[in-house]
Amino acid sequence: MRPQGAIGTLGLGIYARRAFCLFTMSGKIEIILNGKATEVVQESTVRSLVEDLGLQAGQVAVELNGEIVSRDHWPEKRLVPGDKIEVVHFVGGGSGA
């Protein structure tokens with residue numbers, strides 16, 4: 001039997017324990033950004049992520065864990081370990097005809 005308070009009693013799998021350790025010890029968390037594991041500061045929001053990527057807010061759409069996040073909610077939507085984020089950058093253009 002494990003002592004109460006041990007991380008094993010939290011019922012977390014190996015990957016969740018890894019994310020938990022990243023979150024609490026390094027000041028960074030691991031997210032999946034466009035299919036690749038990426039570390040960000042643990043206080044990151046969708047807005048700060050977009051800014052850190054050097055993207056213009058009006059030219060991107062962000063999907064967080066399968067749902068589009070409205071730009072109005074970017075500043076308050078905090079990222080947590082394991083979040084899956086897709087950032088799509090719009091490119092202008094046309095047929096020119």
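Coordinates for the structure precede this section.
Owing to the predicted nature of the structure, the values given are computational and were not obtained by experimental measurement. (Residues numbered from 1 in each chain as written. Predicted model: local features only at pLDDT ≥ 70, side-chain atom pairs only at ≥ 80, totals over all residues. Heavy atoms only, no water.)

*Asks:* Looking at this structure, how should I read the overall build of the protein chain?
*Replies:* Assigned secondary structure in the protein chain consists of two helices and five strands. In the protein chain, which comprises 97 residues, the proportion classed as buried is 22%. Contacts spanning at least 24 positions in sequence make up 48% of the contacts within the protein chain whose residues lie at least 6 apart. Surface exposure of the protein chain reaches about 6800 Å², of which carbon and sulfur atoms provide 54%. (Helix = DSSP H or I, 4+ residues; strand = E, 2+ residues; numbered from the N terminus. Buried < 20%, exposed > 50% of the residue type's maximum accessible area, 1.4 Å probe, protein only. Contact = heavy atoms within 4.5 Å. Areas by Shrake-Rupley, 256 points an atom, 1.4 Å probe, with all protein chains shown as cover.)

*Asks:* In this structure, what is going on with the pattern of salt bridges? I would like to understand it.
*Replies:* Close approach of charged atoms allows side chains of opposite charge to pair. In the structure shown here, the tally under the stated rule is two salt bridges. When the shortest N-O distance is used, the salt bridge between Arg78 and Glu43 registers 3.6 Å. Residue Arg78 is found in the loop between strand E4 (67-68) and strand E5 (84-89), and its partner Glu43 is found in the loop between strand E2 (36-41) and helix H2 (46-52); the two are separated by 35 residues along the sequence. You can call Glu43 partly exposed: its relative accessible area is 47%. (Salt bridge = Lys/Arg side-chain N within 4 Å of Asp/Glu carboxyl O.)

*Asks:* Is there a simple way to explain the nonpolar core in this structure?
*Replies:* A general tendency of soluble globular proteins is for nonpolar side chains to be buried together. The biggest cluster of nonpolar side chains holds 15 residues, and the ones touching the most others in it are Ile31, Leu49, Val62, Trp74, Leu79 and Ile85. Elements that contribute at least two residues to this core include exactly strand E1 (28-33), H2, strand E3 (60-64) and E5. (Core = buried A, V, L, I, M, F, W, Y, C linked by side-chain atoms within 4.5 Å.)

*Asks:* When you look at the sheet that holds E4 in this model, what are you seeing that I'm missing?
*Replies:* Backbone hydrogen bonds are what pair the strands of a sheet, in a parallel or an antiparallel way. Strand order in this open sheet of five strands is E2-E1-E5-E3-E4, and the pairing throughout is mixed. Edge positions in the sheet fall to E2 and E4, since each of these pairs with one other strand and no more. With six bridges joining them, E1 and E2 adopt antiparallel strand pairing. Bridging across to E2, Ile32 finds its partner in Ala37. (Pairing = 2+ DSSP bridges.)

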